[in-house]
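Listed below, chain by chain, are the residues.
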Amino acid sequence: MTTLPVIDIAPLRAMDDAEMVERTAAAIGAASAEFGFFYADGHGIADSLVARLETASHRFFALSGKEKAEIAMAHGGIPWRGWFPLGGELTSGLADRKEGLYLGEELTAEDSRVIAGWPLHGANLWPRAVPELRRAVGDYLAAAVAAAEALMRGMALALGLPAEHFAAGMTRRPTLLFRIFHYPPDGAPDRFGVGEHSDYGLLTLLGQDRHGGLEVRAANGDWIAVPPQGRMLVVNIGDMFERLTRGRFRSAPHRVINASGRDRLSWPLFYDPDFAAPVDPLPIAATTRSLPRWDDIDVHAAGGTYGDYLLGKVGKVFPDLAGKAFRN
């Protein structure tokens with residue numbers, strides 16, 4: 001197969017047709033095991049909302065470096081929010097050919113997680129010159145989280161667990177990390193927008209513009225192009241889900257090469273476990289497959305809480321900020 005499967009997740013949003021819910025969950029389970037990726041249709045995020053976010057994102061990245069630097073990540077502190085410049089993020093130790101804006105759940109100073117000083121929790125930084133970005137992100141994030149919750153019901157059912165297994169525990173209060181990425185035009189085959197990697201979290205919901213560039217490595221080693229299909233989301237399994245499912249779900253390596261000759265935008269939502277949740281494997285049987293990891297890392301060796309695991313990962317992406325952000 002040279003294309004990823006397309007799954008209509010609307011039945012998991014409505015949860016009013018048991019037969020369709022079961023079929024959808026089975027399709028999600030099969031795609032998560034074979035590819036670790038699939039397209040999600042019927043996700044409930046309105047086209048008009050994506051258009052608002054796209055317009056505001058373009059406006060932000062068109063600002064001068066000085067204007068964007070007003071909300072640089074160096075000003076973000078332990079919430080780990082703000083803008084980073086082209087080449088400012090590392091993947092597998094190499095600088096990416098992209099710039100981006102790190103955002104997340106908007107938490108007030110009165111939130112218990114902020115009071116406790118949890119890293120990656122707090123307020124976002126917003127550009128003064130693009131005030132509409134804040135509302136567009138807020139509206140999109142709310143719709144994308146609802147889609148993620150529906151997907152997690154399908155994931156649970158696919159694993160033989162109750163539909164609300166994750167919502168009642170591990171993702172009752174999820175860690176929400178949202179990004180806006182800008183990939184400038186660069187068709188050189190050795191200039192990766194993002195080099196080969198796998199996501200280290202639970203579940204990623206990716207929105208992308210019409211220009212494409214995402215590629216996924218299949219289990220046989222071939223690269224599969226993942227071009228945009230309308231406004232469908234691209235959903236992928238992260239390393240933590242591979243660990244939790246004892247290898248039954250696959251966290252697949254992927255990369256981005258923007259060969260479109262145009263500016264490319266993407267909007268990934270990383271829907272992750274509660275920061276304080278333990279990351280013990282689920283009470284399910286392990287897979288009998290033995291698929292080699294692209295990076296030789298043993299994802300099953302993780303322990304402690306999800307926060308312990310996550311902090312060990314993000315410091316490798318921005319090593320210059322890691323000491324400052326996580327000093328406390």
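Residues numbered from 1 in each chain as written. Predicted model: local features only at pLDDT ≥ 70, side-chain atom pairs only at ≥ 80, totals over all residues. Heavy atoms only, no water.

### Section: the environment of Gly29
Take Gly29: it is sitting in helix H2 (residues 18-34). Judged by relative accessible area, Gly29 falls into the buried class, the value being 14%. Each C-alpha atom, one on Gly29 and one on Phe249, is 7.6 Å from the other, the two residues being 220 residues apart in sequence. Among all residues touching Gly29, those that are not within four sequence positions of it are Ala158 and Phe249. (Helix = DSSP H or I, 4+ residues; strand = E, 2+ residues; numbered from the N terminus. Buried < 20%, exposed > 50% of the residue type's maximum accessible area, 1.4 Å probe, protein only. Contact = heavy atoms within 4.5 Å.)

### Re the side chain of Asp239
Note that Asp239 resides in helix H7 (residues 239-244). Its relative accessible area of 4% is what places Asp239 among the buried residues. A distance of 2.9 Å separates the side chain of Asp239 from the side chain of Ser198, its partner in a polar contact. (Polar contact = N/O pair within 3.5 Å; in protein donor to acceptor, adjacent residues only side chain to side chain.)

### Considerations on the nonpolar core
Of all hydrophobic cores here, the largest spans 92 residues; its most connected members are Leu133, Tyr140, Met155, Phe178, Ile180 and Phe241. Counting residues per element, this core draws most heavily on helix H6 (residues 132-158), which supplies 15 residues. In this view, Phe241 contacts Met152, Met155, Leu159, Phe166, Gly201, Leu202, Leu203 and Phe249; residues no more than four positions away in its chain are not counted. (Core = buried A, V, L, I, M, F, W, Y, C linked by side-chain atoms within 4.5 Å.)

### Quick word on the sheet that holds strand S9 (residues 203-208)
Spatial ordering of the open sheet is given by S1-S2-S12-S9-S14-S7-S6-S3, a layout of eight strands whose pairing is mixed. The two strands at the open ends of the sheet, each matched to only one other strand, are strand S1 (6-8) and strand S3 (82-84). Averaged over all neighbouring strand pairs, the angle between strand axes comes to 25°, with direction disregarded. When strand S2 (residues 37-41) meets strand S12 (residues 233-237), the two strands line up antiparallel, connected through four bridges. Bridging from a neighbouring strand, Phe38 pairs with Val235 of S12. (Pairing = 2+ DSSP bridges. Axes fitted to C-alpha atoms, helices over the stretch in contact; angles between N-to-C directions.)

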